[in-house]
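Each chain, written out:
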Amino acid sequence: MKKLPIGISSFEEIRTEGYYYVDKTHFVKKLVDEGKYYFLSRPRRFGKSLFVDTLKSAFEAKKELFTGLYLENNWNWNQNYPVIRISFAKDTLSVDDLKNRISSILKEKATQEHIEIEESKSIGTMLENLVKKLYTKNNKKVVLLVDEYDKAILDNIEHREKAETIRKELKEFYSVLKDLDQYLKFVFITGISKFAKISLFSGLNQLEDISLNQEYGDLCGYTEKELLL
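Just so you know, these numbers come straight off a predicted model, no measurement behind them.

(A) Main features of helix 4 (residues 95-112). In this model, helix 4 (18 residues) spans 26 Å end to end at C-alpha, consistent with the 26 Å of a helix rising 1.5 Å per residue. Elements in contact with the buried residues of helix 4: strand 2 (83-87), helix 5 (123-138), helix 6 (151-154) and helix 7 (160-175).

Structure below.
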């Protein structure tokens, strides 16, 4: 009997360690076929991180993880793309904590790809440099996945001044995306609050909010029909 993947957000772990998995991979193809920049809002513990990890595995062409799933025969496995995944799942205590964490993620990705990015006080500049260097090295556009984009703000919501400082830092970070369009293959951002409420993505007018789109209503979580299968 298969195990229930309670609290597990690793697509690879679920697929290789004998856990139940409800196939949501048709949404991966639908998203890529119909657009490029997406935002999805869902409550915590709703499967956002698992779907982000599924996207990562697909773009990295890990075909072996998709055996028996929709995407196995509906995806170009001969193409793989450099993927930057940024998660804000851990608690953020200050703006310095935020900058150090993002800087660490970007530098780790650069090390994995055997490229160098200069240390900068601006995490937005570091992201821009990493995207451009990944594009140059691989001669392929870059995939950017951001999970829990607003958690750093929500962690400090009771401390208004600190939350506002973090919001401004994140706004600067995301602002570089509008000038990186030619280097980006796909962008997917998740969070709890609606991005329009926090005003972090100024200039990124092409970001499509699918949070209330019925076509993506069961992208995360399980329907009654899926539970009965």
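(B) Inspection of the packing of aromatic side chains at higher detail. Counted under the stated rule, the structure contains 14 aromatic pairs. Geometrically, the ring pair formed by F11 and F66 is tilted, given 4.8 Å between the ring centres and 40 degrees between the ring planes. Highlighted residues: F11 in helix 1 (residues 11-16) and F66 in the loop between helix 3 (48-59) and strand 2, separated in sequence by 55 residues. Taken together, a centroid distance of 5.6 Å and an interplanar angle of 80 degrees make the contact between F59 and W75 edge-to-face. Placement of the pair is F59 in helix 3 and W75 in the loop between helix 3 and strand 2, with a sequence separation of 16 residues. The pair F59 / W75 is uniform in exposure class, with both members buried. Put simply, the rings of F11, Y21, Y38, F51, F59, F66, W75, W77, Y81, F186 and F188 touch in pairs and so form one group of aromatic residues.

(C) Just the layout of surface pockets, in detail. The space that makes up the second largest pocket amounts to roughly 290 Å³. In this structure, the second largest pocket is lined by D53, K56, E60, V83, I84, R85, I86, S87, I105, E108, K109 and Q112. Counting only elements with at least two residues in the lining of the second largest pocket, the list comes to helix 3, strand 2 and helix 4. Sort the elements by how many residues they give to the lining of the second largest pocket and strand 2 lands first, with five residues. Here the residues of the lining of the second largest pocket are counted per class, giving four nonpolar, two polar and six charged.

(D) Broad picture of the sheet that holds strand 3 (residues 142-147). If you walk across this open sheet you meet the five strands as 2-3-4-1-5, and the pairing is parallel. In this open sheet, the two strands that pair with only one neighbour each are strand 2 and strand 5 (208-209). Sheet analysis places strand 2 next to strand 3, joined by five bridges and oriented parallel. The partner of I84 across the bridge, within strand 3, is L144.

(E) View of the nonpolar core. I84, L106, L127 and L170 are the most contacted members of the largest nonpolar core, which totals 37 residues. Taken together, the elements giving at least two residues each to this core come down to strand 1 (37-41), strand 2, helix 4, helix 5, strand 3, helix 6, helix 7 and strand 4 (184-191). When residues of this core are assigned to their parent elements, the largest contribution, six residues, is made by helix 5. If we ignore the near neighbours within four places in the chain, the residues touching I84 are L106, K109, L127, L130, V131, L134, V142, V143, L144 and L145.

The rules behind the values
- Residue numbers restart at each chain and count upward from 1, following the sequence in its written direction.
- Residue-level local features of this predicted model are given only where pLDDT is at least 70; pairs of side-chain atoms are given and counted only at 80 or more, and the full residue set underlies all totals for whole chains, interfaces and linings.
- Side-chain measures were taken over the full set of non-hydrogen atoms in the model, leaving aside hydrogen atoms and water.
- The way it works is that DSSP assigns letters per residue, a run of H or I at least four long becomes a helix, a run of E at least two long becomes a strand, and they are numbered from the N terminus.
- The length a helix should cover is 1.5 Å for every residue beyond the first.
- What makes two residues a contact is simply this: any of their non-hydrogen atoms within 4.5 Å.
- Two rings from Phe, Tyr or Trp (for Trp, the six-membered ring) form a pair when their centres sit within 6.5 Å of each other. Planes less than 30 degrees apart are called stacked, planes more than 60 degrees apart edge-to-face, and all others tilted.
- Only protein chains enter the accessibility calculation, which uses a 1.4 Å probe. A residue is then buried if its area is under 20% of the maximum for its type, exposed if over 50%, and partly exposed in between.
- Each cavity reported here is a set of points on a 1 Å grid over the protein atoms alone in which a 1.4 Å probe fits but cannot get out, each pocket an open set with protein on both sides within 12 Å along at least five of seven lines, and each lining residue one with an atom within 4 Å of a point.
- Grid points are joined across faces, edges and corners, and a volume is the space filled by probe spheres set on the points.
- Classification convention: Asp, Glu, Lys, Arg as charged; Ala, Val, Leu, Ile, Met, Phe, Trp, Tyr, Cys, Pro as nonpolar; all other residues, Gly among them, as polar.
- Here, a strand pair is defined by DSSP locating no fewer than two bridges between the strands.
- In this text, buried Ala, Val, Leu, Ile, Met, Phe, Trp, Tyr and Cys residues form a nonpolar core when linked through side-chain atoms within 4.5 Å.

The values are spatial; any link to function lies outside them.
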